[in-house]
Every structure is written in structure tokens, then in C-alpha cells.
Amino acid sequence: MDFELLLFSIKTQEEYGYFLKGILEKNLKVDFTFKHSEDDISLCFQCMTISLDLEEIFGLDVIEEDFNFNANLSARIQVFSNFYSDALDIVFRVIKEITIKSDCNLLLLGNGSNVIIKKDNGKFYSSELKDYYYFEFPFEILETDIARL
């Protein structure tokens, strides 16, 4: 299953990759492999891969149009089929750390079109889509009120 974590920040895409690396190493203390090439950054786990394209981020205009969300940073997340729970636990813990460390808006999309979580001007929203997914999202990790879209 594919997810995309989008942010609006003053950071560059490369700085965003290192920001995520720092959260994973220092705050979450999870095992992963970090790969940085000229074209991309990858954070590889047993349960998923997080990739950041350093060349060009495609589709940000569509995100703004379809979701009324202005983003300039994107991390694509590929969750491996037998590890949804483990991967989503990490993703939501990362989101919590991002919200603690910065006040930037963020958007987590599932399969390119479903709003899983959106933080806009300090408030959280979700469409959750309980009937669409066959697993639960760990919203309780965020320890905040979440309104329905």
C-alpha cells in the first residue's frame, strides 16, 4: 500500500530527508538503513520504505487543487503487505514528532487520494474511511482531537 506524507515548510527536500532520519534515530530509535544518492533519499525498514525524490516533486499542483493543501515537501511511503501495523505505528509516531518539532502543516494521503490525516493551522482532520481499509489507523498516537473532513 502506498502513502504520501506532504509538508509545507522552509526546509528543502534534502533537509526534510535528514529531518526524518533524525527523528527516526534520536526520538523513535527504530532500525533502518539510510541511503542518499544524487537523485533521492531512502529510509528502508523491514516493514516499509520511505523515499524522497531530490530532483523534482511531481503532482504538488494536483495536491493543492484536490485537497486545498499547499505542499513543497513530499515523502512517498511503500508499506509491505504483512507489516501494516508496524509501519503505520512508525509513520504516526513520526507525524507526532513532526508536530512537536515544527508548526508546519502536513497531509498524509493513502493510495494517492484518501486523506488519512491532515494538520492545517494547528487543527487535525481525517476522513479515516473505515470501510475502505481493512486495518485500523493508530490515531491515538497523535494524542490530539481529530475532526472529520
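About the criteria used
Residues numbered from 1 in each chain as written. Predicted model: local features only at pLDDT ≥ 70, side-chain atom pairs only at ≥ 80, totals over all residues. Heavy atoms only, no water. Helix = DSSP H or I, 4+ residues; strand = E, 2+ residues; numbered from the N terminus. Rg over C-alpha atoms; globule rule 2.2 N^0.38 Å. Buried < 20%, exposed > 50% of the residue type's maximum accessible area, 1.4 Å probe, protein only. Contact = heavy atoms within 4.5 Å. Areas by Shrake-Rupley, 256 points an atom, 1.4 Å probe, with all protein chains shown as cover. Lys, Arg positive; Asp, Glu negative; His and termini not counted. Charge placed at Lys NZ, Arg CZ, Asp CG, Glu CD. Axes fitted to C-alpha atoms, helices over the stretch in contact; angles between N-to-C directions. Parallel < 35°, antiparallel > 145°, perpendicular 65-115°, else oblique. Nonpolar A, V, L, I, M, F, W, Y, C, P; charged D, E, K, R; others polar. Patch = residues over 30% accessible without salt bridge, like charges linked within 9 Å, V, L, I, M, F, W, Y side chains within 5 Å. Salt bridge = Lys/Arg side-chain N within 4 Å of Asp/Glu carboxyl O.

S.K.: Got a minute to help me understand the overall build of the protein chain in this structure?
M.R.: Within the protein chain, the regular secondary structure consists of three helices and nine strands. Moving toward the C terminus, one meets the helices and strands of the protein chain in the order β-α-β-β-β-α-β-α-β-β-β-β. At 14 Å, the protein chain has a C-alpha radius of gyration in line with the 15 Å of a compact globule built from 149 residues. Dimensions of the protein chain, computed from C-alpha atoms along their principal axes, come out at roughly 40 × 35 × 25 Å. Within the protein chain, the proportion of its 149 residues that are buried is 48%. The contacts of the protein chain with a sequence gap of at least 6 include a subset with a gap of at least 24, amounting to 56%. Of the roughly 8100 Å² of accessible surface on the protein chain, 45% is carried by carbon and sulfur atoms. Mean positive and mean negative side-chain charge positions of the protein chain (14 and 27 charges, respectively) differ by 8 Å.

S.K.: Just to check I follow, could you spell out the packing of helix H1 (residues 13-28) against helix H3 (residues 84-101) for this structure?
M.R.: A pair of packed helices is characterised by two quantities: the angle between their axes and the separation of those axes. Orientation of H1 relative to H3, taken along the N-to-C sense of each, is 105°, at an axis distance of 10 Å. Considered as vectors, H1 and H3 are oriented roughly perpendicular to each other. Counting all contacts with H1, which are made through Phe19, Leu20, Ile23, Leu24, Asn27 and Leu28, the residues of H3 involved are Ile90, Arg93, Val94, Glu97, Ile98 and Lys101. The residue makeup of the contact of H1 with H3, split by class, is eight nonpolar, one polar and three charged.

S.K.: Which parts of the structure should I look at to understand the environment of Leu108?
M.R.: Mapped onto the secondary structure, Leu108 falls in strand E6 (residues 106-110). Taking the C-alpha atoms as reference, Leu108 lies 15 Å from Ser9; in sequence the two are 99 residues apart.

S.K.: Would you mind going over a negative patch on the surface with me for this structure?
M.R.: A cluster of acidic side chains, namely Glu38, Asp39, Asp53, Glu55 and Glu56, defines a negative patch on the protein surface. The residue Glu55 is located in the loop between strand E4 (48-53) and helix H2 (60-67) in this model.

S.K.: For this particular structure, what's the right way to read the environment of Leu20?
M.R.: Locating Leu20 in the fold gives a position in helix H1. Excluding residues within four positions of it along the chain, Leu20 makes contact with Ile50, Leu52, Ala75, Val94 and Ile98.

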